[in-house]
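# A structural walkthrough
So you can see what is in the structure, the chains are spelled out below.
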Amino acid sequence: MKNKALKSELSSIKAKVRANIEASAQSKNQQKIIDESLQKTNESIKEVLPDEKQLFADAVGQVKPLVIDTVRLIKSGHKSNTSQKNDQEYNKANKAIAQFHFSDEFEPNLNKQGPMKYVREGVDSFEVKNLRRGYYRPDLILDLHGLDQHQAKKELAALLFACQKEHAQCICVVHGIGSHILKNKVPHWLVQHPDVMAFHQAPLEWGGNGAILALIELKDKYNRN
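Residues numbered from 1 in each chain as written. Predicted model: local features only at pLDDT ≥ 70, side-chain atom pairs only at ≥ 80, totals over all residues. Heavy atoms only, no water.

Formed by 25 residues in total, the largest nonpolar core has its most connected members in Leu156, Leu160, Ile171, Val186, Leu190, Phe199 and Ile216. Looking at this core, the elements that each hand over two or more residues are α5 (149–166), β3 (170–174), α6 (181–192), β4 (196–201) and β5 (211–216). Here Leu190 is in contact with Leu156, Leu160, Val196, Phe199 and Ile212, once residues within four sequence places are set aside. (Core = buried A, V, L, I, M, F, W, Y, C linked by side-chain atoms within 4.5 Å. Buried < 20%, exposed > 50% of the residue type's maximum accessible area, 1.4 Å probe, protein only. Helix = DSSP H or I, 4+ residues; strand = E, 2+ residues; numbered from the N terminus. Contact = heavy atoms within 4.5 Å.)

In structure tokens form, the structure reads like this:
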């Protein structure tokens, strides 16, 4: 009886193992079938659907690609011919105006007695008194200390040129006393310039005997008179 029971139990176990093996085999076959089916499906999709590039191209349509318009900045120490020409003409014109020719040979008839003073023909002589009394305060001041005659002339010409640009109606030229060279030359130069209406030895607060206050004729709409 026992042997029969054991045999029966073994047979049952073998049957279960065989069933499991068959089920496993069927499962593997099914998985294989599923994998093959998925692979075939993917291949079919690839055949039917275009790639991403083609999809993008179809979506863009007839749009033309942009041309790369990057601006390359090239550092160069040279200006264009037109720019150089304009700069040269501008500088030449300014230089010609600023370096007014003051003659050292010209000897004006100035009062040698008392304070140095001058009034241009056609200008009210009362303007000289206004300069002496300090009625006008200098808008620009030029100090010529330490300069030779050539340098002083250039600086004075540039100052008178700047008066029109800066709308300076009154200027103070500090020539100092020293050896009296610039003290004598500055009034002679000022007399020669057409924009100088009058000048007078400066009041003490602006240099006294070592400086001159000059009244300038402004030629544009900013003339404060």
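In this structure, Asp195 sits in the loop between α6 and β4. Within the structure, the side chain of Asp195 is placed 3.4 Å from the side chain of Gln164, a separation counted as a polar contact. If we skip the residues at most four places from it in the chain, Asp195 touches Arg120, Leu160, Gln164, Leu215, Ile216, Glu217 and Lys219. (Polar contact = N/O pair within 3.5 Å; in protein donor to acceptor, adjacent residues only side chain to side chain.)

A word on the pairing of strand β2 (residues 140–143). Sheet topology note: the β2/β3 ladder contains 4 bridges and is parallel. For Leu142, the partnering residue across the bridge sits in β3 and is Val173. (Pairing = 2+ DSSP bridges.)

This part is about the sheet that holds β2. The 5 strands are arranged β1-β4-β5-β3-β2 in an open sheet whose pairing can be described as mixed. The outermost strands of the open sheet, each flanked by one partner alone, are β1 (117–119) and β2. If you compare each strand with its neighbour and ignore which way they point, the axes differ by 20° on average. Inspection of the sheet shows β1 paired to β4 by 3 bridges, in the antiparallel sense. Opposite Lys117, over in β4, you have His200 as the bridge partner. Against the sheet, α5 makes contact with β2, β3, β4 and β5, and its axis sits at roughly 170° relative to β2, the strand it touches most. (Axes fitted to C-alpha atoms, helices over the stretch in contact; angles between N-to-C directions.)

One number sums up the size of the largest pocket: a volume of about 150 Å³. Lining the largest pocket are 13 residues, and of these Gly114, Met116, Lys183, Gln201 and Asn209 lie nearest its centre. Elements supplying a minimum of two residues to the lining of the largest pocket: α6 and β5. Ranked by residue count, the leading element in the lining of the largest pocket is α6, at 3 residues. For the lining of the largest pocket, the residue count by class is 5 nonpolar, 6 polar and 2 charged. (1 Å grid on protein atoms, 1.4 Å probe; cavity = no way out; pocket = protein on both sides within 12 Å on 5 of 7 lines; lining within 4 Å. Points joined across faces, edges and corners; volume = space filled by probe spheres on them. Nonpolar A, V, L, I, M, F, W, Y, C, P; charged D, E, K, R; others polar.)

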